[in-house]
Amino acid sequence: MTPRSAHLREDNGKQPAADYVGRFAPTPSGPLHIGSLLSAVASWLDARAGSGTWLVRIDDLDTPRVDPDAESAILATLESHGLRWDGPVHRQSDNQDRHVGAISQLDARCFACGCTRRELRGHDQYPGTCRDRGLRRDGNALRVRAGLAAPEFVDRVQGYVDMSPRTVGDFIVRRRDGFASYPLAVVVDDLAIGVNNVVRGADLLDNTAEQLLLMRWLGMEAPTYAHVPVVVEASGVKLSKHNRATAIDNRWAAHNLAAVLSLLGFDPPLGQVETMLAWAVDEWNIARVPRGATVTGFFAIDR
Ligand code: GLU
């Protein structure tokens, strides 16, 4: 998927929806690093500058990746950086009945798929192997037929985004282990808590196409999207829990915040966290966030 300059519906999608409800939805696979803090700060600022509600949802469905200590570490980091959320913390795992309901609504579009990751290696897109095999649904993944659908949308940071010439390809809505797939769970969970503005990392841009299709098929209204750049090392490697990006040190909250704000295009006076955030809410203008999938941060990586 390639972001292009916004020439279609120029200001459509630039404005946040009325009665703004935003969220930060970390996967609890480890503590936050500077890249995930950047997404949290951007989504918090966008919500607060729009006098909106900001929710936290822990995306804990991918159980093999869940680290039992991560949720409390993530919440402590948000708190020590002044990012207070509204209401209770939501959890994806509390929503499984809704996931099952949505999957059954899509049933007529789905087929069972027994392909392993290894069998699909090297394919950009699902090659259709199981589409007409009539496999049993139990014990297999469920894939939805996406056909040649290629949604387009206007992203508040990236501008006009369209999928062509690449099409989405048939994608998984229920995994072999019975859990909802990430795109299915996210659209259902966002709807359940009333999210109408999504601000998140540009690494999720590709998933947006699948999510837009799911919302269309499920008769849901799409939120506005703003995909903020992902922080990469000087070498271009994305910071992630897998490459052991250093966890945020909460004792340096003001410095972390200054670093993240400067990567977002703002240059705050260094001070107390609350003062810096209040300054940033006043200054916030999403048009200043660098357009592009990555920004380079110079942070110590503990290898
Ligand atoms: N849980 C996802 C992640 O940590 C993000 C979900 C989203 O923002 O849509 O990558």
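Because the structure is predicted, anything quoted here is derived from the model rather than measured.

Now for the overall build of the chain. From N to C terminus, the chain includes eight helices and 13 strands. The buried share among the 303 residues of the chain stands at 52%. Here the contacts in the chain between residues at least 6 apart in sequence split such that 78% fall between residues at least 24 apart. For the chain, the computed accessible surface area is about 14200 Å², with 49% contributed by carbon and sulfur atoms.

This brings us to the sheet that holds strand 4 (residues 90-91). With respect to topology, three strands assemble into an open sheet ordered 2-3-4, the strand pairing being parallel. One side of each edge strand has no neighbouring strand; the edge strands of this open sheet are strand 2 (21-24) and strand 4. Here four bridges tie strand 2 to strand 3 (residues 53-58), and the two strands are oriented parallel to one another. Bridge assignment links F24 to a residue of strand 3, and that residue is V56. Against the sheet, helix 1 (residues 34-49) makes contact with strand 2 and strand 3, and its axis sits at roughly 150° relative to strand 3, the strand it touches most.

Attention shifts here to the sheet that holds strand 6 (residues 141-144). Strands sit in the order 5-6-9 across an open sheet of three strands; the sheet is antiparallel. Both outer strands of the open sheet, strand 5 (110-113) and strand 9 (171-174), are each paired with one neighbouring strand and no more. Taking each pair of neighbouring strands and ignoring which way they run, the sheet shows an average axis angle of 45°. Bridge analysis of strand 5 against strand 6 gives four bridges, and the strand direction is antiparallel. Looking at the pairing, A112 lines up with L142 of strand 6.

For the rest of this paragraph, the subject is the environment of L218. Assignment of secondary structure puts L218 in the loop between helix 6 (205-217) and strand 11 (224-228). L218 sits 30 residues away from V188 along the chain, and the two C-alpha atoms are 9.4 Å apart. Once you skip the residues sitting within four places of it in the chain, L218 turns out to touch A102, Q105, L106 and V187.

Quick look at the confidence of the model for the chain now. A residue-level look at the chain finds 87% of positions with pLDDT of 70 or above and a mean pLDDT of 88. Counting contacts from residues 1-14, a segment whose pLDDT is below 50, to residues more than four positions away or on other chains yields 36 contacts.

Okay, the site of the ligand next. Close to the ligand lie R23, A25, P26, T27, D59, Y182, V186, R200 and L204, which account for all nearby residues. Residue R23 places a side-chain N or O atom 2.7 Å away from an oxygen atom belonging to the ligand. Separating a nitrogen atom of the ligand from a backbone N or O atom of A25 is a distance of 2.7 Å. Protein chains shield 81% of the accessible area of the ligand, which is 300 Å² for the free molecule.

This paragraph deals with the nonpolar core. The biggest cluster of nonpolar side chains holds 44 residues, and the ones touching the most others in it are V41, W54, V56, L78, L83, L264 and W284. Within the residue set of this core, elements represented by two or more residues are helix 1, strand 3, helix 2 (70-80), strand 11, helix 7 (253-263) and helix 8 (273-283). Per-element tally for this core: the top contributor is helix 1, with nine residues.

For any two helices packed against each other, one specifies the inter-axial angle together with the distance between the axes. Their axes nearest at 9 Å, the elements helix 1 and helix 8 cross at an angle of 65°. The handedness of the crossing between helix 1 and helix 8 is right-handed. Residue-level contacts link W44, L45, R48 and A49 of helix 1 to L277, A280 and V281 of helix 8.

The next subject is the pattern of salt bridges. Throughout the structure, instances matching the rule amount to 15 salt bridges. The partner of R175 in a salt bridge is D62, and the shortest N-O contact between them spans 3.5 Å. One end of the pair, R175, is in the loop between strand 9 and helix 5 (182-192); the other, D62, is in the loop between strand 3 and helix 2, with 113 residues separating them in the sequence. Connected through salt bridges with shared partners, the residues R23, R57, D59, D189 and D190 form a single ionic network.

Within a pair of aromatic rings, the relevant descriptors are the distance that separates the centres and the angle that separates the planes. Under the defined criterion, the tally for this structure stands at five aromatic pairs. Each ring, one from F111 and one from Y126, has its centre 5.9 Å from the other, and the planes form 35°; the classification is tilted. Placement of F111 in strand 5 and of Y126 in the loop between helix 4 (117-120) and strand 6 is noted, with a sequence separation of 15 residues between them. Looking at F111, the relative accessible area reads 4%, which means it is buried. Taken together, a centroid distance of 6.3 Å and an interplanar angle of 15° make the contact between F171 and W217 stacked. Here W217 lies in helix 6 and F171 lies in strand 9, a separation of 46 residues in the sequence. Note on F171: relative accessible area 4%, which makes it buried. We note R143 situated over the ring of Y126; from NZ or CZ to the ring centre the distance is 3.9 Å.

Reading guide: rules and limits
Residues numbered from 1 in each chain as written. Predicted model: local features only at pLDDT ≥ 70, side-chain atom pairs only at ≥ 80, totals over all residues. Heavy atoms only, no water. Helix = DSSP H or I, 4+ residues; strand = E, 2+ residues; numbered from the N terminus. Buried < 20%, exposed > 50% of the residue type's maximum accessible area, 1.4 Å probe, protein only. Contact = heavy atoms within 4.5 Å. Areas by Shrake-Rupley, 256 points an atom, 1.4 Å probe, with all protein chains shown as cover. Pairing = 2+ DSSP bridges. Axes fitted to C-alpha atoms, helices over the stretch in contact; angles between N-to-C directions. pLDDT = per-residue confidence, 0-100. Near = heavy atom within 4 Å. Polar contact = N/O pair within 3.5 Å; in protein donor to acceptor, adjacent residues only side chain to side chain. Core = buried A, V, L, I, M, F, W, Y, C linked by side-chain atoms within 4.5 Å. Left-handed = near helix turned anticlockwise from the far one by under 90°. Salt bridge = Lys/Arg side-chain N within 4 Å of Asp/Glu carboxyl O. Phe/Tyr/Trp six-rings, centres within 6.5 Å; stacked < 30°, edge-to-face > 60°. Lys NZ or Arg CZ within 6 Å of the ring centre and 35° of its normal.

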